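Fold and geometry: a report
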Amino acid sequence: MVDLSGRRNRMKNLVGFLVGEVRYAVDILKVREIINPLTIVDLPHAPPAVLGVADHRGEVVPIIDLRQRFALPRATETRRTKWIIVSLEAPGGPSAAGLVVDAVTDVFGAGSDSQRDIPKIGAEDARGITTVYARHDGLTFVLDVDLVAAAAEEIDISRVAAP
């Protein structure tokens, strides 16, 4: 829904979560489900951010560790650790991936009055940040799940092709 009146859109349209001490969010329309971690099967030659794959409701989905994806130290899994299963736009039809987060925080709406400019630091596409919102508890960075999950599509060809 688009708010044409210029007032804050109070519709809850983002799912918030923590990776380390930083607050992130993804579009709620991309979220299929939020679940507790499942059993992961390792894959040979997977990129470092891809922990492996899991069988989620009959679909094999890559599991992406956002800590590793953002070059943070790996954390010990806790009761608060969750997987956010997201829909991806992929050639040949929609697919899914699981994003490992330290904790899911809330579902919230964000209006243009709280939107801030994206910081110009390094490669913008590599981080996958689409928007930044100022909230009562600090800044929240909204991620493009397709860009963040692109790590699951990368394969180290040099290791595969090595004799």
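The sections below set out a description of the structure shown in this document. None of these values were measured; they are calculated from a predicted model.

Side note on the layout of surface pockets
Estimated volume of the second largest pocket: approximately 260 Å³. Lining the second largest pocket are 15 residues, and of these Ala75, Thr76, Glu77, Thr81 and Val100 lie nearest its centre. Grouping the constituent residues of the lining of the second largest pocket by class yields seven nonpolar, three polar and five charged.

What to know about the sheet that holds strand 9 (residues 115-116)
By definition, the strands of a sheet pair up through backbone hydrogen bonds, in either a parallel or an antiparallel sense. The six strands lie next to each other as 8-1-2-11-10-9, forming an open sheet whose pairing is mixed. In this open sheet, the two edge strands, each paired with only one partner strand, are strand 8 (103-108) and strand 9. As judged from the six bridges shared by strand 1 (residues 14-19) and strand 2 (residues 22-27), these two strands associate in the antiparallel manner. Among the inter-strand pairings, Gly16 is bridged to a residue of strand 2, identified as Ala25.

A short note on the side chain of Arg135
Among the structural elements, Arg135 can be located in strand 10 (residues 129-135). At 2.8 Å, the side chain of Arg135 forms a polar contact with the side chain of Asp106. In this structure Arg135 touches Asp106, Phe108 and Thr140, once residues within four positions along its chain are discounted.

Digging into the sheet that holds strand 4 (residues 50-56)
Taken together, five strands build an open sheet; the order of strands is 3-6-7-5-4 and the sheet is mixed. For this open sheet the edge positions go to strand 3 (31-35) and strand 4, each flanked by a neighbour on one side alone. On average, each strand axis in the sheet is tilted by 25° relative to the strand beside it, whichever way the strands run. Relative to strand 7 (residues 95-101), strand 6 (residues 82-88) runs antiparallel, the two being bridged by seven bridges. When the sheet's bridge partners are listed, Ser87 is paired in strand 7 with Ala96.

Rules and cut-offs
Residues numbered from 1 in each chain as written. Predicted model: local features only at pLDDT ≥ 70, side-chain atom pairs only at ≥ 80, totals over all residues. Heavy atoms only, no water. 1 Å grid on protein atoms, 1.4 Å probe; cavity = no way out; pocket = protein on both sides within 12 Å on 5 of 7 lines; lining within 4 Å. Points joined across faces, edges and corners; volume = space filled by probe spheres on them. Nonpolar A, V, L, I, M, F, W, Y, C, P; charged D, E, K, R; others polar. Pairing = 2+ DSSP bridges. Helix = DSSP H or I, 4+ residues; strand = E, 2+ residues; numbered from the N terminus. Polar contact = N/O pair within 3.5 Å; in protein donor to acceptor, adjacent residues only side chain to side chain. Contact = heavy atoms within 4.5 Å. Axes fitted to C-alpha atoms, helices over the stretch in contact; angles between N-to-C directions.

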